[in-house]
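Coordinate inspection notes
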Amino acid sequence: MPAITSANAIKTTYNIYDDPPQDDITLEDFELWAIDRMRILAEIEASFARNRSYKDMSETISALSRKYLPLNSTTAKSIDVDAERKKDHISHFVLRLAFCRSEELRYRYVKSEMTWFRIKWDGNDTTERSQFVESLNLGWIPVEEEERISLLPELLAASQITLQPGTTINQYIENYYKVHWTKVPDLVERRRVFLKNGFAYVPAREQASIVFQAFHTNLEKQLMLTAKALPRLDEDNRILPILEHLSQGFVAGIASEYHVANPADSVTADMIDEISNKHFPLCMKNLHETLRKKHHLKHYGRLQYGLFLKVIGLSIEEAMIFWRKGFSGITDDKFNKEYKYNIRHSYGLEGKRTNYSAFSCQYIFTNHQPGVDDTHGCPYRHFSPENLESALVTHYGNQGVTPSVLPEIIQQVRSGHYHVACTRVFEISHGLKSGEGVGDGVSVTHPNEYAARSRELERQKLAPVDRDYPPGSAMEIDS
Amino acid sequence: MQIQNEPISEDVMGWLNHEHVPSKMFTHREFAFTLPGDIYLRYNSFMTMEDFRKQVLKLLPSRFEIGAVYSAMPKDKKTLRPGVLQPILRELVFDIDMTDYDSIRTCCSGKGICKRCWGFIAVAVVVLDSALRNQFGFRNLLWVYSGRRGIHLWISDPEALALTDDQRKSLMGWLEVVKGGKEQMKKVNVRFGKGGVSPLHPALNAAFQHLKSSFYELVLQDQDSFSEEDNWKVLLEYLTDADMKRNLREDWAADLNRTSEEKWDDLRKAMTAAKHKEKKGHATKSEAQKDPNEINVPVTDRYTAAMEDIILEFMYPRLDSEVTKHRNHLLKAPFCVHPNTGRVCVPVEPEHVFDFDPEKVPTVQQLIKELDQLGSETHHSGELGEDVPKIICQYHGPPGYESDE
Ligand SMILES: [Zn+2]
């Protein structure tokens, strides 16, 4: 990709950050500007964690940007846009240094920078955008009118445009560009373009997608290069503590992952049958049942279920017992050779020694699509309605999920609200009112959240009723 | 039959290396060996072809697999800093395995394969070969019989070698149609819009044109796949008309001898009748409830769409997507001998894939016998272990690879 602009004259509010800044900068600005940028990016991360809508998030972020890192368009009068752009440029490069150091940090940094870029993109005027696009020089070839007309039926079918009655074909002819398919991987993956001889025919309105991709690819590549160059920075002992501090701020930004088991909840291998029966969400019940019936689980099934059990509180020793007994059809030798390592690995005892967190619902929906014979995944998402109905009645029939409540659940599934369906099953099977969710009206976003709340409800029910309320407690005031 | 002077190893070299002097394409390439007793050795690499040959003759692996070209030499893995050894280049590979067709084939199951069920693989080859050439513009495609019940594809265009994992994943998303686990009855969901009857995407339409003729011959006549209840139930999943669905289900459940052809005919008749009824303006009950957005979709009606989707579900290539998506995945090398069947992993030309008979592929035992006869005729001397591969190589050259010479 050709260089866009030099740091001294950034022509638009958008920047793909190709060239490192050449300006001199004080150590103080180095840190303060980076912290200002960090405020925005950390809020983006938090918004994802809280599952906020794109609209809500972009409102908050735009307001924050105006406050900490305003970027006015070139036409803005009486504002030093060059200074704004310099701050944007430099703070980006400082954070690159802070976040290039591990794969996880890189991933999160790219994601939040991408999102911010997108929010800025959606909020700005078209002149500013087209100037930027031109400067990118992405190798777009306009499709000649003759070819466009000859391919029209294919082009329309590829972009899912259907001819409306009472319209003429001319109304559908828009500008198309030919781009090598690798430049628009997301459009290709969703089969949203026409593809011929390695070239994707992209409607002009999909421009944004291409720009985002270019931004993304470029940033990922640059971060890798920065990571390689970083050891040389170690010598500058003024900068390193600042970078350390900045990256810590990001790590603390997210809280919704279930990393650790509550020690009070720890379980042993022989308890799983019962707990599964009483407390597990359908995905895990399905895996457990498969394990008991087939005495085996395929790779992603073991991973999804194993990490879930770890977080439930199954220790590594108990996990070994559980899986060894579960795979009853094989020899000790085979077990030790083929499975032991992976189990220990998922507990962070082998390989990179990462303490993996259990899969969230979002992760289960979008990763490792189950193959024809697989049993992992989310039953609400991956089962046919008929099989889902019978699975629900089998597993939760005696807890109130009777055929009469199925239509409501299936309705949610059909409209794509899988976690809402799961939440409804939780409510029904725990005798809760609709809307109570897994506490405070929150819906299920993590299988471990489901199980933890279920066990908590049971504990509350079993705990002896405490009649001596402490003075000033709500109960006393009420009475 | 004439014995060539070049041993196989140089052909492997030429194909992997793209030239005849070892370059990084060879020296940084991962090889994995499977030794008798299920010992699996990963991250081998070699400085020269001679080293590779010596090691093969020393270890006598039951098979070897080929991996990616790495940023450093894979054999140095243990001494390198973590993260330094990264896959850089890799042929774009595909794996189609007959076991993914077990639910719909009736002639064989499990490890078995015959000329009849090979038809599913043959169709898959034709569809994929044309998609990868016409849509993606790849030119160097090498199809190789896997030695047992499937086929592998190696694409070695420079552009294919350089694809990142993300790009491979996108390509897979484009090609994959039959999705969902065991419990997902309806595995084809390719329609967009609320009415669910947008016309087929041009890429799928191209595939569909290949599939429809074979569907009749293979699924309906030869395999009679809809004789199995599990299969005709899947078929019914695609119907949106509740009455039609119920009637057919009752009819077919009552008549166990109804053949697939007859069932397909029942379906067509029911659809024609329903279409006719709609035209006359006598909307059926379920029709009255249809989504208002559906009105503006004149190109494909929902009955045609359902039939197209059923054909896709039963005929569209079923791919092992993980193999394709990750550069660090290994795949059994072409020209290997399958350790269980003894059959040689011979290249297959897509133009003749329908004539290919997996049961007639030479086994290593046959080759040795032929070689013995030849040896006595031509007074060829040399060790048997070296000669066998020569024959294999001579048997079929690699048509997918065009050297740069
Ligand atoms: Zn067969």
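Calculation notes
Residues numbered from 1 in each chain as written. Chains lettered and ligands numbered in written order. Predicted model: local features only at pLDDT ≥ 70, side-chain atom pairs only at ≥ 80, totals over all residues. Heavy atoms only, no water. Helix = DSSP H or I, 4+ residues; strand = E, 2+ residues; numbered from the N terminus. Buried < 20%, exposed > 50% of the residue type's maximum accessible area, 1.4 Å probe, protein only. Contact = heavy atoms within 4.5 Å. Areas by Shrake-Rupley, 256 points an atom, 1.4 Å probe, with all protein chains shown as cover. Pairing = 2+ DSSP bridges. Donors = N, O, S within 2.8 Å, 3.2 Å for Na, K, Ca; no water. Tetrahedral: all angles 85-135°; square planar, octahedral: opposite > 155°, others 65-115°. UniProt positions renumbered as here; feature names shortened; annotations may be inferred. pLDDT = per-residue confidence, 0-100.

Focus on the overall build of chain A
Along chain A, the regular secondary structure elements total 23 helices and four strands. For chain A, buried positions account for 47% of its 479 residues. Looking at chain A alone, contacts between residues at least 24 apart form 67% of all its contacts between residues at least 6 apart. Split by element, the accessible area of chain A, about 24,400 Å² in all, is 52% carbon and sulfur.

Details of the environment of Arg 108 of chain A
As for its placement among the helices and strands, Arg 108 of chain A is situated in helix α4 (residues 103–123). Using a relative accessible area of 9% as the deciding quantity, one classes Arg 108 of chain A as buried.

Considerations on the pairing of strand β7 (residues 150–155) of chain B
Residue and element names in this part refer to chain B. Counting buried positions over the six residues of β7 gives six, a clear majority of the element. Note that strand β5 (residues 92–97) and β7 share six bridges and pair antiparallel. In the strand pairing of β7, Ile 96 is matched with Ile 151. In this sheet, β7 lies alongside strand β6 (residues 141–145) in antiparallel orientation, the contact comprising five bridges. If you follow Val 144 over to β7, its bridge partner there is His 152.

A short note on the coordination of the zinc ion
Residue and element names in this part refer to chain B. Taken together, the protein ligands of the zinc ion are Cys 107 (SG), Cys 108 (SG), Cys 114 (SG) and Cys 117 (SG), with distances of 2.2 to 2.4 Å. Metal-centred angles of 99 to 121° between the four donor atoms at the zinc ion mark the site as tetrahedral. Between consecutive donor residues of the zinc ion, the sequence gaps follow C-C-x5-C-x2-C. In this structure Cys 108 comes out as buried when scored by relative accessible area, which is 18%. On the basis of relative accessibility, which here comes to 12%, the residue Cys 114 falls in the buried class.

Re the sheet that holds β6 of chain B
Reading across from one edge, β5-β7-β6-β9 (chain B) is the order of the four strands in this open sheet, with antiparallel pairing throughout. The open sheet has two free edges, formed respectively by β5 and β9 (347–348) of chain B, since each of these has just one partner strand.

A word on the environment of Lys 55 of chain A
On the secondary structure map, Lys 55 of chain A appears in helix α2 (residues 54–68). In sequence terms Lys 55 of chain A and Ile 119 of chain A are 64 residues apart; their C-alpha atoms lie 9.3 Å from each other.

Quick notes on unusual backbone geometry
We note that His 295 of chain A has phi near 55°; this positive angle belongs to a residue other than glycine. For His 295 of chain A, the position within the fold is in the loop between α12 (282–294) and α13 (299–312). Positioned with a positive phi, Asp 38 of chain B is a non-glycine residue whose angle comes to about 60°. Considering the arrangement of structural elements, one finds Asp 38 of chain B in the loop between β1 (29–35) and β2 (39–44).

Quick word on the UniProt feature "binding site: [4Fe-4S] cluster" (unreviewed entry) in chain A
Residues and elements named next belong to chain A. Per the UniProt record, the feature "binding site: [4Fe-4S] cluster" (unreviewed entry) sits at Cys 283, Cys 361, Cys 378 and Cys 422. Sequence-wise these annotated residues cover 140 residues; spatially they are packed, their C-alpha atoms never more than 10.3 Å apart. Judged by its relative accessible area of 9%, Cys 283 falls in the buried class. Setting aside residues up to four positions removed in sequence, Cys 283 forms contacts with Gln 304, Gly 377, Pro 379 and Pro 447. With respect to the element layout, Cys 422 can be found in helix α21 (residues 418–429). Filtering out sequence-adjacent residues up to four positions away, Cys 422 remains in contact with Tyr 380, Val 444 and Tyr 450.

Structural notes on the confidence of the model for chain A
All names here are of chain A. For chain A, the mean per-residue pLDDT works out to 80, and 84% of the residues sit at or above 70. Strand β3 (residues 194–196) holds the highest mean pLDDT among the elements of chain A, 96, whereas helix α23 (residues 474–478) holds the lowest, 33. Low pLDDT (under 50) marks residues 1–8, which in the prediction has 24 contacts with non-local residues, meaning those over four places away or in another chain. When the criterion is pLDDT under 50, residues 251–261 qualifies, and its contacts beyond four places in sequence or with other chains add up to 23 contacts.

Examining the pairing of strand β2 (residues 176–180) of chain A
Within a regular beta strand, the side chains point alternately toward one face of the sheet and then the other, so they alternate between its two faces. All names here are of chain A. With four of five residues buried, β2 lies mostly within the body of the structure. By the bridge criterion, two bridges tie strand β1 (residues 141–142) to β2 in an arrangement that is antiparallel. Paired with Ile 141 across the strands is Lys 178, a residue of β2. The sheet contact formed by β2 and strand β4 (residues 199–203) spans five bridges and is antiparallel. Directly across from His 180, in β4, lies its bridge partner Phe 199.

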